[in-house]
Amino acid sequence: MPDSFPCMFHVTDTSGRIVQVSDQWLATLGYDREEVVGSRNAAFLAEDCAASAQARMSDILREGRKDDLVCEFVSKAGKVVPFRLSVEPVAEEGGQPLGVVAVLTPVEVGSDVVEELGRKSYRLQSCLEATEAGIWEWNVQTGESSVNERWAAMLGYRLEDLQPISAETWRAFAHPDDLQRSMDALQRHWDGETESYDVEARMRHRDGHWVWVHDRGRVFTRTPDGEPEWMFGTHFSLDEQRQRARNAERMERLLNRTGLAAGIGGWELDLETNELLWTDETRRIHGVDRAYRPDVAKALDFYAPEAREQVGQAVDRALSHGTPWDLELPFVRATGERIWVRAIGEVELRDGRARSLFGAFQDITDRRREHEELRRARETAQQAEQRLWAAVEAVPDAFALFDSEDRAVMFNQKYRDLYAASGDVVAVGQTFEAILREGLRHGQYPEAIGREQAWLEERLERHRNPSGPVAQELPGDRHVMVHEARLPNGDTVGFRVDVTELRRQERELKVRAEALEAAALTDPLTGLLNRRGLESYRQGFASVPDESFGVIHLDLDRFKPINDVFGHAAGDHLLRHVADILRSSVRGGDGVARVGGDEFVVVLRGPCTETLARRIASRIIARCQDAVLWQDRILHYGVSAGIAVGPAAELARLQEDADIALYEAKRSGRNRSHVFGEPLRERIEARKTLSDDLLEGLERGEIIAHYQPQVCARTGDIVGAEALARWEHPTRGLLGPRDFLALADDLGQTGRIDRTVYLHAIETGRAFSQGGTPLPGISINFSLKRLAEAGDLPWFENASALPFRMNLEILETLDVDGDFDGIEGLMAHVRKKGIAIVIDDFGSGRASLTSLLRFRPERVKLDGEITRAAVSESTGARAMVLAIGDMCRRLGIAMTAEGVETREQADLMRELGCDRLQGFHFGPPMSRDDLRAVLAVRKAASAREAP
């Protein structure tokens, strides 16, 4: 086609460069030919439609088909002008494409442009809706706010339920504990400290529970003085454990309100007669009937005052130069109604002279109104598009939209930055596959290295058929979650959420968890397993239940004195030394644990025999007999071991058996080992049976007191009795203290037995007094240890109110000198109750003679061994008793001889200074009833002897 062809057209080659352009094209847009030819067609298009138009042109050229599209061109003066392009490809005879021819037809700024804007808005809005995000807008200055249906639905509401929407709506639903944190985050964003407002918070659901949301947004307009004005943001549900794509605001769909023109009227003015003719339609437009006779002056008066001059000038130009007119003017009908009309006119020349004026007349009020509405709609759409683009850029995540053919339609800067290795390939019109391939070429996807093709196919499949988020690793230990969704129109929208920090925190938490787990299973002092670690180690052998294992339970000898004398640092040093010995004494794979202060357990993996276990235990015992140097001190210690061997399935029981064997080793002399066997098991089971019987006997009241008389050495009268514990066993008969007191001590029941004997003695003394056979005094036994553990003995009665004297015999089994300070207050409390203090078994324990000065007992009770030895002068016991007696007399302390079994012993002890005697010579321990009978007999005998 020639350049002068009377229409607008241009021709482009296959690269999109203009090779020919019409004169009318240049005149309409104001460019010179040199500026156009050789330039790309996209250079003259509005920015927001250039990419999509270029993609459409490429499709047309590739497919060899005709197509129509609407594009916005930018004139040289900068004005945006819409055109409809009728595009047809041009090819050689062989079918090779040469380019395209595009014929441009101007379109009114109306339906076509609005339609194109609507398509753009629909795409942008669909992108956000596909993310299923709650969307909010807020004018910080005015409080004006809005949210979408999804925002309301997250809280269990419909949008209309929340009206009217304001900033207070958000505050009302926010969790009180999170509100201030959210406000602080907003303030930091307003102050420019953060790129976006980003907070995780709770909001109250309609059902009453709290919903966690990820609330993110950004200021995208500010007031002239820099204050935040409009904010746009999203709510993503964190309860669904994934970031949803953003829902844009629903754009108001533009309605195409153009229609057909109303009717067209005609008119003619005869310039020679000045007669004016109107058609019926013209009369209707003017609002007059058929009888109305118009003239030129009246016709001009129908135009609005501001339009009359323009009409006059148009008529003058037509008459002077023959120029036709086509004007849209304000008009006032005869009824006073103001409308708009299109006035078209031209002059008719005959013989070179103007003979008449004629033209058309059209009511374009509806069209003008529609044009105005469309203008406002276009402005609204443009504003909405700008706001949506601002929203897309405000999203803190990378965003991209690909069309149904997987070509990039739009993306934000964050997307380009994230995939910077793909370089210029990240461009509108490029396919998703091309972007991936470029990234692979530059090593942008570490997880794909070595399997690039397989990775590419997998990624394309997930992109084309999205079914959930995809974890993606990028260089520099960066991690993103890719959320993609298919839109109804075939487009694919995607968000890339940066989770690098989350992954780093997860790794740190894993390392910490592993460290905590190791710490939970390891003894921090020795580095050996602890009890929990030992249990975990044992559970690892559930798969070999029948294999023979060995357990060695070890306890250090003399560890407590080392710890007490040299301090905990020395004790810790010794424990670490022993741990090293244990590690080096066992086989690889055997377990070694510290299970107590100075207790260790070794588990010998199968196959293990008793011989092997004995050999390892002996090796450990031998090495632990070597002294340990600590600083400048020599630490001497030893170890005892209990051994048990059996199936792996019974490791827990084997450990218990080894513990029992350890107890037996210590009882047998320490620094040795003992293997658990059936005889030991039988003894333990018998002890367990007796323990159970004792606990039940305490409940049934089987523990009672028997009483051994105490007599006056001079007269032989009964002056008191010692209450001694006895157990009336239902099958074994009466048991003495040697049969059960040690067992009671192990069970922690000694204090209970002491109390039982004490109360039995109180009851006996009162009963005897009331029955006429009063007993002057009763003694009960306590060790210093039991006395200290018993505290203030709240069950001790005030002895001064009793009808007999209560004596507390303290067993001399502890270091009185060392322990007296700790119980001095307790002794004062006992004396305050009116209870006399007696030191029992004096001479056989650790009490020094000087301790009598501090202890000041009312009486001492010589041990029975001393009593028996005193008969023979060769033992030296008699001299010792004389010395003790002399000392006690000088200190005012009375003396009792215990264990008197013969008359000779009784006479001797009396002569040596004992004023009271006790032993089988005067009677064995007996029941309360038997003692009452003895007292009754003595009372009767006394009565008979009285004068």
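Note that this is a predicted model, so its numbers are computed, not measured.

1. Some words on the packing of aromatic side chains
A full pass over the atoms with the stated rule returns 24 aromatic pairs. When the ring of Tyr-537 is compared with that of Phe-541, the centres are 4.9 Å apart and the planes differ by 80°; the resulting orientation is edge-to-face. With respect to class, Tyr-537 is no different from Phe-541; both count as buried. Aromatic ring contacts, followed pair by pair, group Trp-278, Tyr-292, Phe-302, Tyr-303, Phe-331 and Phe-361 into a single cluster. Across from the ring centre of Trp-340, 3.7 Å away, lies the NZ or CZ of Arg-368, which sits over that ring.

2. Quick word on the sheet that holds strand S13 (residues 325–332)
Strand pairs in the sheet, formed through backbone hydrogen bonds, run parallel or antiparallel to each other. If you walk across this open sheet you meet the five strands as S12-S11-S15-S14-S13, and the pairing is antiparallel. In the strand order of this sheet, the two ends are held by strand S12 (275–278) and S13, each with one partner. Sheet twist, expressed as the average angle between the axes of neighbouring strands with direction ignored, equals 25°. Taken together, the seven bridges between strand S11 (residues 264–270) and strand S15 (residues 353–363) define a ladder with antiparallel strand orientation. Each residue of the ladder has a partner; that of Gly-266, found in S15, is Ala-360.

3. Here's the deal with helix H21 (residues 678–700)
For H21, built from 23 residues, the straight-helix expectation of 33 Å at 1.5 Å per residue is met to within 8% by its first-to-last C-alpha distance of 32 Å. Of all the positions in H21, only Leu-680, Arg-681, Leu-690, Ser-691, Leu-694, Gly-697 and Leu-698 are classed as buried. As for H21, its buried residues are in contact with helix H20 (651–667), strand S27 (673–675), strand S28 (703–712), strand S29 (718–729), helix H22 (737–746) and helix H23 (750–770). Positive phi shows up at Gly-701, right after H21, with a value of about 75°.

4. With respect to the confidence of the model for the chain
On average, residues of the chain carry a pLDDT of 84, and 90% of them reach 70 or more. Low confidence marks residues 241–262, where pLDDT is under 50. Its contacts with residues over four positions away, or in another chain, come to 78 contacts.

5. Focus on the environment of Pro-803
One can find Pro-803 in the loop between helix H24 (784–789) and strand S32 (805–811). Sequence separation of Pro-803 and Asn-563 is 240 residues, and the distance between their C-alpha atoms is 50 Å. Discounting residues that sit within four places of it in the chain, Pro-803 has contacts with Gly-765, Arg-766, Ser-769 and Leu-775.

6. Brief notes about a negative patch on the surface
There is a patch of like negative charges on the surface, built from Asp-191, Glu-193, Asp-225 and Glu-227. Topologically, Glu-193 is positioned in the loop between helix H7 (176–190) and strand S8 (197–204). Given a relative accessible area of 57%, Glu-193 falls into the exposed group.

7. A word on the packing of helix H17 (residues 559–566) against helix H18 (residues 568–585)
Running from N to C, H17 and H18 point in directions that differ by 140°, and their axes come no closer than 6 Å. Classified by the angle between their axes, H17 and H18 sit oblique to one another. Facing H17, whose interface residues are Phe-559, Ile-562, Asn-563 and Phe-566, H18 presents His-568, Ala-570, Gly-571, Leu-574 and Leu-575. Tallied by class, residues from the contact of H17 with H18 come to six nonpolar, three polar and no charged.

8. A few points about the sheet that holds strand S3 (residues 67–74)
Taken in spatial order, the five strands make up an open sheet running S2-S1-S5-S4-S3, and their pairing is antiparallel. In this open sheet, the two strands that pair with only one neighbour each are strand S2 (18–21) and S3. Sheet twist, expressed as the mean angle between neighbouring strand axes with direction ignored, is 30°. Bridge count between strand S4 (residues 80–91) and strand S5 (residues 97–106): nine bridges; the pairing is antiparallel. Among the inter-strand pairings, Phe-83 is bridged to a residue of S5, identified as Pro-106.

9. Here we look at the nonpolar core
One finds Ile-780, Met-806, Met-909 and Leu-917 to be the most contacted residues of the largest nonpolar core, which totals 64 residues. Core analysis: the second largest hydrophobic core is formed by 34 residues, Leu-554, Leu-574, Ala-613 and Trp-630 among them.

10. So, unusual backbone geometry
A cis geometry characterises the amide bond from Gln-163 onward to Pro-164, with omega recorded as -10°. Summarising the element assignment, Pro-164 is placed in the loop between helix H5 (149–154) and helix H6 (167–173). Between Gly-606 and the following residue, Pro-607, the backbone shows a cis peptide bond with an omega angle of -5°. For Asp-477, which is not glycine, the phi dihedral falls at a positive 55°. Here Asp-477 is to be found in the loop between strand S18 (470–474) and strand S19 (478–486). Phi at Gln-631 takes a positive value of approximately 55°, unusual for a residue other than glycine. As for its placement among the helices and strands, Gln-631 is situated in the loop between strand S24 (628–630) and strand S25 (633–635). Take Gln-631: its relative accessible area is 60%, and that puts it in the exposed class.

About the thresholds
Residues numbered from 1 in each chain as written. Predicted model: local features only at pLDDT ≥ 70, side-chain atom pairs only at ≥ 80, totals over all residues. Heavy atoms only, no water. Phe/Tyr/Trp six-rings, centres within 6.5 Å; stacked < 30°, edge-to-face > 60°. Buried < 20%, exposed > 50% of the residue type's maximum accessible area, 1.4 Å probe, protein only. Lys NZ or Arg CZ within 6 Å of the ring centre and 35° of its normal. Pairing = 2+ DSSP bridges. Helix = DSSP H or I, 4+ residues; strand = E, 2+ residues; numbered from the N terminus. Axes fitted to C-alpha atoms, helices over the stretch in contact; angles between N-to-C directions. Expected span 1.5 Å × (residues − 1). Contact = heavy atoms within 4.5 Å. pLDDT = per-residue confidence, 0-100. Patch = residues over 30% accessible without salt bridge, like charges linked within 9 Å, V, L, I, M, F, W, Y side chains within 5 Å. Areas by Shrake-Rupley, 256 points an atom, 1.4 Å probe, with all protein chains shown as cover. Salt bridge = Lys/Arg side-chain N within 4 Å of Asp/Glu carboxyl O. Lys, Arg positive; Asp, Glu negative; His and termini not counted. Charge placed at Lys NZ, Arg CZ, Asp CG, Glu CD. Parallel < 35°, antiparallel > 145°, perpendicular 65-115°, else oblique. Nonpolar A, V, L, I, M, F, W, Y, C, P; charged D, E, K, R; others polar. Core = buried A, V, L, I, M, F, W, Y, C linked by side-chain atoms within 4.5 Å.

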